Structure formats: structure tokens, C-alpha cells
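These are the residues of each chain, in order.
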Amino acid sequence: MCGIVGYIGTRHAAPLLMQGLRRLEYRGYDSAGIATLENGSLFCERSVGHIDALKEKIGDQRPEGTIGLAHTRWATHGGVSEKNAHPHRACNDSLVIVHNGIIENYRELRAELQATHTFTSDTDSEVLAHLIEVEYQGDLRHAVARALKKVRGTYGVVVMHASEPERLIAARMGSPLVIGMGKGEYFVASDATPLLPYTKDVTYLDDGEIAELRRGEVRIYDLLEQSVQKNIHHIEWDDEQAQKQGYSHFMLKEIFEQPIVFRDAVRGRKIPEEGTAYLGGLNMSEPQMRAVSRVLFVACGTAYHAGMIGKYAFERLARIPCEVEVASEFRYRDCVLDENTLVFAISQSGETADTLAAVREARRKGAIVRGIVNVVGSTIARETDGGTYIHAGPELAVASTKAFTNMVAVILLYALQFGRLKHMSLAAGQEFLQAHFDISTKMEEVLQQNDEVARIAQRYVHYRDFLFLGRGINYPVALEGSLKLKEISYIHSEAYPAGEMKHGVNALLGPELPVLAVMTKNQLYEKMRSNVEEVRARGSKVILIATEGDTDARAIADDVIFVPQTIEALEPLLNTIPLQLFAYHVATLLGRDVDRPRNLAKSVTVE
Ligand code: F6R
């Protein structure tokens, strides 16, 4: 996730900004840049790679000035390159910006500006710099306010102008910014981490607010440029707590980020009026897409579970035969592939050795190979001939959570896009998107039950085995819940499609084996309910994930976690969250190292 830091005061800005960038490194980044201002002249330097590379690039240039801004970039629009790194300048080199977020209408804006402005990057952010330049008539705050009215999307933006060395302008819509209140100096940053060595008194900008930071004061305005009064908060966090933004672990923070990163994954990729989605990175024409006769997902671990959900979704929505295979098996199997087989390699890190080997094998055999990847510029992203970034931002906890939901989010949009090119009607596509519209709000509702899940976890923490059950599209959800529990709590658990129980696993049931079952209201509800009743009859405790309003659920379970109703294809996006929370709470109650579980690595680059 990109990071921002800005400074105005009486001290030499560059060392403070460089130190701020280092403190933002934990967010993950692929390039960095800095700009300072002295005597009406802007110094600006950018570099791909680590902060040290930027430091080397600056060399002995000695950027002067007591005002400046800096950025670490995690690429979204435009590849990883120096020209795409921030800060971005407008045409006349007087104005410089750093930006987090996504400008959704940047293509239209860029097309309008292109006749009179020269663009030097592929980013959506640069468009904002030119827009502000167009609006600039000697007052930077007015120019920013006017430009932002034309923008659709999200931003945390900080702007500096060579003619106005006495102020920095910052604005927020959907992408956090916090202002640090020093003595005669002010900081602005994407989170509190870079500010903490200098001040613990902060003001959080809210959406639609613009801040003007001067050496003697900070003023905050709304988009109509009316003054807004804000409270100052005193932060008690130390560094590590600040990086976790108050959450006790990165895993919990990442679970709670799911509604936000889900919005990032789908933003600008839906076309409601046509009832479809558009994932441009696929790099396939419509006739090529229609010619796809088979889809194959290859992945490992959690990403494999996302692929399993993809199989259900692709066959249901797109009516294309679909398979999913663990990459370590696929690479050594004599898989039959042809030029009409579309292989999706799914990977958070983009570096998993088995998935990468599967990509190479599939390409060798002539299949169409695309990536569904989180880390921009990673090997799988580079070695596939296109695909989609899931925009989950850096995932620091070893156990994957938000990347999983965003993989599913992207796969579902692909299923819709293919479906609309084949059998799916406009009405069905629109109905899907209608249900899709409030998923992030529903995710927030699920997260509100965190305390209740923690209480339930307390009651079950002493068990040594668990069984997870699901059916249909919720079977992979059960698998994912089971994997989460195993990897961070070290408790043995298994997951089964509930209809398979009679064929052996029923023998395990009894008071020593609690069962977590996903029994939401979908076409398999009645079947699942019978399975749950059978489990209960054999003496196992039952924890249910059930749909809000299902009054029968409590009667057949010991504990119930309710989730909002949605259409079946979207259920995994909600139903996985309580299982992630359950695993998290059990593991913390057992005192496990939740973010760094034993024997596991975040990126498995060896076979
Ligand atoms: C589980 C987990 C792993 C990864 C797997 C694939 O929480 O994180 O199972 O999903 O190692 O990793 P990526 O997605 O980076 O290819």
C-alpha cells in the first residue's frame, strides 16, 4: 500500500522525509520519491526499489528546504518504473503531488487534458497534478478544491507549489491521512508511524476535507472551502502498534481491512448498465474470450481455495467447464492443454515456486496463461501474458486473509465478464451486480461480530480437533476456515463437503470433535441442515455460520454466528470472515505467534 509523508517547519525537511519513508516501509512498496522546495525551486528525485536506492540517487545533491513531501509507491495503474513513481509534477515544474488511492475517471480526464498537457507517466495520479495546474490561479488551496470536484475515486493527496513555500495542501477521500502537530512544525502522513518520533498529537482528516499546513498553524476545510473544527488526539502507541494501527496483530488488521480492499479490487471494474465487468489486463479480445472452452485454476494453499470458489462461479455464471488444481501436482502431471484452455495462476506473493512452475508448464503447452496476483511486478505477474492485480495491499501476516477475499472478488468478476459474453442475460448480470453493490457494507456487519466470535472461541479453545463442513460454493470456505485454524493455532482440523460424511468421517463424531458448519440460505440449505442435525445427533458440538433471520439455526446448534443474506455466488466473501476471526481468537487465546506461525513462510519460493 502506498505511503505518504509531508513536512513543513523550520528544520531541514529532506532527512525527516527520508526517515519517514523508512518508517513506512512496512506497508510494502516498489519505488519511492521525494520533493523539497527552497527559494522557489523544486528538488525532486525518484527511484525504483528500496529507500537506499533513492538515497543513492540523491547522492550528494543535498536537497534544501524546510518544506517537502515524499512517497513510497505500491504500483496499481502503470508498471513499476521511475517515471511512474511519485512525486508527480505538472507541466511547468512548479507543482508537485503525492497521491494514494485510485482516480477512477482518470482515462476521461487524461483524454481531455492531453491536447494541452504533456504526460510523463502511465499513472492515474499524474492526471491529478495536471488538473490542479489547470485550476491554479495563485492560490493552491482553491486550485486543489476545484480540481478534486472533477475527480471520481479515492485519494489521500499532498500538494506543494514552488510559488507558495509557506504551505502544504493535503486532502482526503477514502484514503487515510493524519496530521501531526509539532511545535512550529507539522507533518502529514498516510498513517501515524512516520510522525511518532516527533509528535504524538494528531488530527485525522475525514473524507472530503482539505488541510492547509503552515509553519504556525493548520486549518481544515471541507470541499466547499468552509472551515471545519477538528479534535486533536493523543496517540499512546509505540512504533509496532502504530504499524498495526491499534490492532493487536497484523492478521487482525488485515481481516478488518477486507471491506476496504474489496472496494479497491472491484473499483472501476464493473459496468452496471451492461450488467458486466471489465478486467482490462486480461488482454483478450471478445472473440478470443468466447473461444475459451475450458478454464483451469492453478494455485497453492489459500489461493487454491479461492480457485475452488472460482470453479463453482465459472461453471454457474459463465457455463464454461472449469477445473482447479494444486500447482505442485499440476506441474508434474501430463495435463492436457490446448490453445482454448485458459489457465489462471492465482498467487498473493506472485513468487510461489510451484505456481510459477505451473505457469511455465502451461505456457510451454500452448495454453492461454493469465495471473491473478497481489504483488505488482512479481515473477508470476511478469511471466503471465496478462491478468489482474487484486489490490489487497501488502499482506504482512503469514496467514492469508484479505488476499483471499480479493482473489475471490476478482475471479467472480471474471466469471461475470465471461458469462455475459456467453449465456448470461443482461438481467442476470445486473442482478449479480446489484447484490455485489453492498457486499463491502455487509462485510463490515460481519466484522462487527468480532467480540461475539471471540466469546465463542473462548468456549472451544480447549479442543484438540475440529471439523469444518460446507457444501457447494461453501465447501472451499470450510477448507479455508480449517486451514486458517491449523496454521495459526496448531490445532488439527479437517474440512469435508458435508454430503461426504456418511462415507467415513461420521465415525469421528462425538463430544471430542466440535463441528463448524456453513449453513447459509442457498439452494443446498435443506441438505446442509440435515447434515448438521446428523452431526448433532452423534454428540458433536455445532457452531453454525447461518443467515441473519434464520430462526431455526439456534435450535440445531450450540453457537451461531449470523451473516447477512446475499446471493449464493457472493456468499464466500462474507462466510469466510467469521472463520478467519475464529481461527485468530483461538490462536491468540493459546498464546500462538499469530503473525509468524511456526514452520511457515509468507512467500514459498522453494519447491
Ligand atoms: C495460508 C497461506 C498459504 C498461501 C500459499 C500460496 O494462509 O498463506 O497457504 O496461500 O502459500 O501463496 P501465494 O498466494 O503467495 O502463492
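Can you walk me through the domain arrangement of the chain in this structure?
Along its sequence, the chain is carved into domain 1 (3-241), domain 2 (244-437) and domain 3 (449-607). A separation of 24 Å is found between the C-alpha centroids of domain 2 and domain 3. Of the roughly 3,200 Å² buried where domain 2 meets domain 3, counting both sides, 67% is carbon and sulfur surface. Viewed at the interface, domain 3 and domain 2 are joined by one salt bridge. For Arg-316, the salt bridge identified is with Glu-568, shortest N-O distance 3.5 Å. Taken together, domain 2 and domain 3 are joined by 12 residue pairs in polar contact (both at pLDDT 80 or more). Elements that contribute at least two residues to the side of domain 2 that touches domain 3 include exactly α7 (250-256), α8 (258-266), α10 (301-318), α12 (353-364), α14 (402-421) and α15 (426-437). Per element, the largest residue contribution to the side of domain 2 that touches domain 3 is seven residues, and it comes from α10. Among the residues making up the side of domain 2 that touches domain 3, the classes are represented as 21 nonpolar, 13 polar and six charged.

Which parts of the structure should I look at to understand the site of the ligand?
Of all residues adjacent to the ligand, which total 15 residues, the nearest are Ser-347, Gln-348, Ser-349, Thr-352 and Glu-487. Interatomic distance of 3.3 Å between a backbone N/O atom of Val-398 and an oxygen atom of the ligand. Within the side chain of Glu-487, an N or O atom sits 2.4 Å from an oxygen atom of the ligand. Elements supplying a minimum of two residues to the shell around the ligand: α10 and α18 (475-489). In terms of residues, the shell around the ligand owes the most to one element, α10, which gives three residues. Classifying every residue of the shell around the ligand by side-chain character gives six nonpolar, seven polar and two charged.

In this structure, what is going on with the packing of aromatic side chains? I would like to understand it.
Geometrically, a pair of aromatic rings is defined through the distance of the ring centres and the angle of the planes. Per the stated rule, a full pass over the model turns up 11 aromatic pairs. Aromatic pair Phe-297 and Phe-344: ring centres 5.5 Å apart, planes at 20°, arrangement stacked. One end of the pair, Phe-297, is in strand β18 (residues 294-299); the other, Phe-344, is in strand β20 (residues 341-347), with 47 residues separating them in the sequence. For the pair Phe-344 and Tyr-414, a centre-to-centre distance of 4.8 Å together with 40° between the ring planes defines the contact as tilted. Of the two residues, Phe-344 is situated in strand β20 and Tyr-414 in helix α14; the sequence distance between them amounts to 70 residues. Like Phe-344, the residue Tyr-414 is buried in the burial classification. Following the ring pairs from residue to residue traces out a cluster consisting of Phe-297, Phe-314, Phe-344, Tyr-414 and Phe-418. Over the ring of Tyr-490 we find Arg-598; its NZ or CZ atom is 3.9 Å from the centre of that ring.

Any chance you could explain the pairing of strand β10 (residues 186-189) here in plain terms?
Residues Tyr-186 and Val-188 of β10 are buried on one face, and the alternating residues Phe-187 and Ala-189, pointing to the opposite face, are buried as well. Note: strand β9 (residues 178-181) against β10, four bridges, orientation antiparallel. The residue of β10 that forms the bridge with Gly-180 is Phe-187. Taking the residues between adjacent antiparallel strands as the criterion, β9 and β10 are bridged by four residues, where Gly-184 takes a positive phi near 70°.

Explain the pattern of salt bridges here, please?
Close approach of charged atoms lets side chains of opposite charge pair. By the definition in use, this model includes 48 salt bridges. The closest approach of N and O atoms between Asp-385 and Arg-370, which form a salt bridge, is 4.0 Å. Placement of the pair is Asp-385 in the loop between α13 (379-383) and β22 (387-389) and Arg-370 in strand β21 (residues 368-373), with a sequence separation of 15 residues. Given a relative accessible area of 36%, Asp-385 falls into the partly exposed group. Its salt-bridge partner being Glu-533, residue Arg-529 comes within 3.3 Å of it at the nearest N-O pair. Of this pair, Arg-529 and Glu-533 both sit in helix α19 (residues 525-537), four residues apart, which is roughly one turn of that helix. For Arg-529, a relative accessible area of 19% corresponds to the buried category. For Glu-533, a relative accessible area of 35% corresponds to the partly exposed category.

Conventions and cut-offs
- Residue indices begin from 1 for each chain and proceed along its sequence in written order.
- The predicted origin of the model limits local features to residues at a pLDDT of at least 70 and limits the giving and counting of side-chain atom pairs to 80 or more, whereas totals for whole chains, interfaces and linings rest on all residues.
- Computation of side-chain values covers all heavy atoms of the structure but excludes hydrogens and water.
- Domain start and stop positions are those given by an automatic or database domain assignment.
- What counts as buried area is the accessible surface, traced by a 1.4 Å probe, that two parts surrender upon association, with contributions from both included.
- What counts as a salt bridge is simple: a side-chain nitrogen of Lys or Arg found within 4 Å of a carboxyl oxygen of Asp or Glu.
- For this analysis, a polar contact is any N or O atom pair within 3.5 Å, provided that within protein one partner can donate a hydrogen and the other can accept it, and provided that sequence-adjacent residues contribute only side-chain to side-chain pairs.
- Under the DSSP-based scheme used, a helix requires at least four consecutive residues in state H or I and a strand at least two consecutive residues in state E, with every element numbered from the N terminus.
- In the scheme used here, Gly and all other residues not listed as nonpolar or charged are polar, with Ala, Val, Leu, Ile, Met, Phe, Trp, Tyr, Cys and Pro taken as nonpolar and Asp, Glu, Lys and Arg as charged.
- It suffices for a single heavy atom of a residue to lie within 4 Å of a molecule or strand for the residue to be listed as near it.
- Planes of paired rings set the category: under 30 degrees apart is stacked, over 60 is edge-to-face and the rest tilted, where pairs are Phe, Tyr or Trp rings (Trp by its six-membered ring) whose centres lie within 6.5 Å.
- Throughout this description, buried means an accessible area under 20% of the type-specific maximum (1.4 Å probe, protein chains only), exposed means over 50%, and partly exposed covers the range between.
- We count a charge as sitting over a ring when the NZ of a lysine or the CZ of an arginine lies within 6 Å of the ring centre and within 35 degrees of the ring normal.
- Between any two strands, at least two bridges found by DSSP are needed for them to pair.

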